[in-house]
Amino acid sequence: MSWNEEANIRCLLKFACPQIWTRLPDTGSDDRRHCDECNRDVYLVRDEEEFFRYAQEGHCVAVPIRPNVGDEGSEDYVTGSPVEPGEWHLI
């Protein structure tokens, strides 16, 4: 099982955001976009280490989830606000 399967990522979010990474305004950085709804930057996470680092820093994240079998080539994202570092032990 991969760390970035959708069920795993959703368990690590205190808030799953309805915003779509690919539709968020570009900031000029490949790994950061801006959400006009909450006026916060959203950081693209490429691995588990980045996820926990951004979570610890209090950032919203977008995680490319592992595609379903037959969907290779398409990439979906889960966006949201990670649980607080003190809650990681609950997962």
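Residues numbered from 1 in each chain as written. Predicted model: local features only at pLDDT ≥ 70, side-chain atom pairs only at ≥ 80, totals over all residues. Heavy atoms only, no water.

Caption draft 1: Layout of helix 2 (residues 48-56). Those residues of helix 2 that fall on the buried side of the exposure criterion are E50, F51, Y54 and A55. Projected onto a plane normal to the axis of helix 2, the buried residues spread over an arc of 130° and lie on a single side. Along helix 2, exposed side chains directed more than 90 degrees from the buried face belong to E49 and Q56. Turning to helix 2, the residues buried within the fold contact strand 1 (13-17), strand 4 (40-44), strand 5 (60-65) and strand 6 (76-82). The N-cap of helix 2, judged by a side-chain oxygen 3.2 Å from the amide nitrogen of E49 a few residues on, is D47. (Buried < 20%, exposed > 50% of the residue type's maximum accessible area, 1.4 Å probe, protein only. Helix = DSSP H or I, 4+ residues; strand = E, 2+ residues; numbered from the N terminus. Arc of directions from axis to C-beta. Contact = heavy atoms within 4.5 Å. Polar contact = N/O pair within 3.5 Å; in protein donor to acceptor, adjacent residues only side chain to side chain.)

Caption draft 2: A look at the nonpolar core. Core analysis: the biggest nonpolar cluster contains 11 residues, these being I9, L12, L13, Y43, V45, F51, Y54, V61, V63, I65 and V78. Mapped onto this core, the elements with two or more residues apiece are helix 2 and strand 5. The biggest single contributor to this core is strand 5, with three residues. Among all residues touching F51, those that are not within four sequence positions of it are W3, L12, L13, V45, V61, V63 and P82. (Core = buried A, V, L, I, M, F, W, Y, C linked by side-chain atoms within 4.5 Å.)

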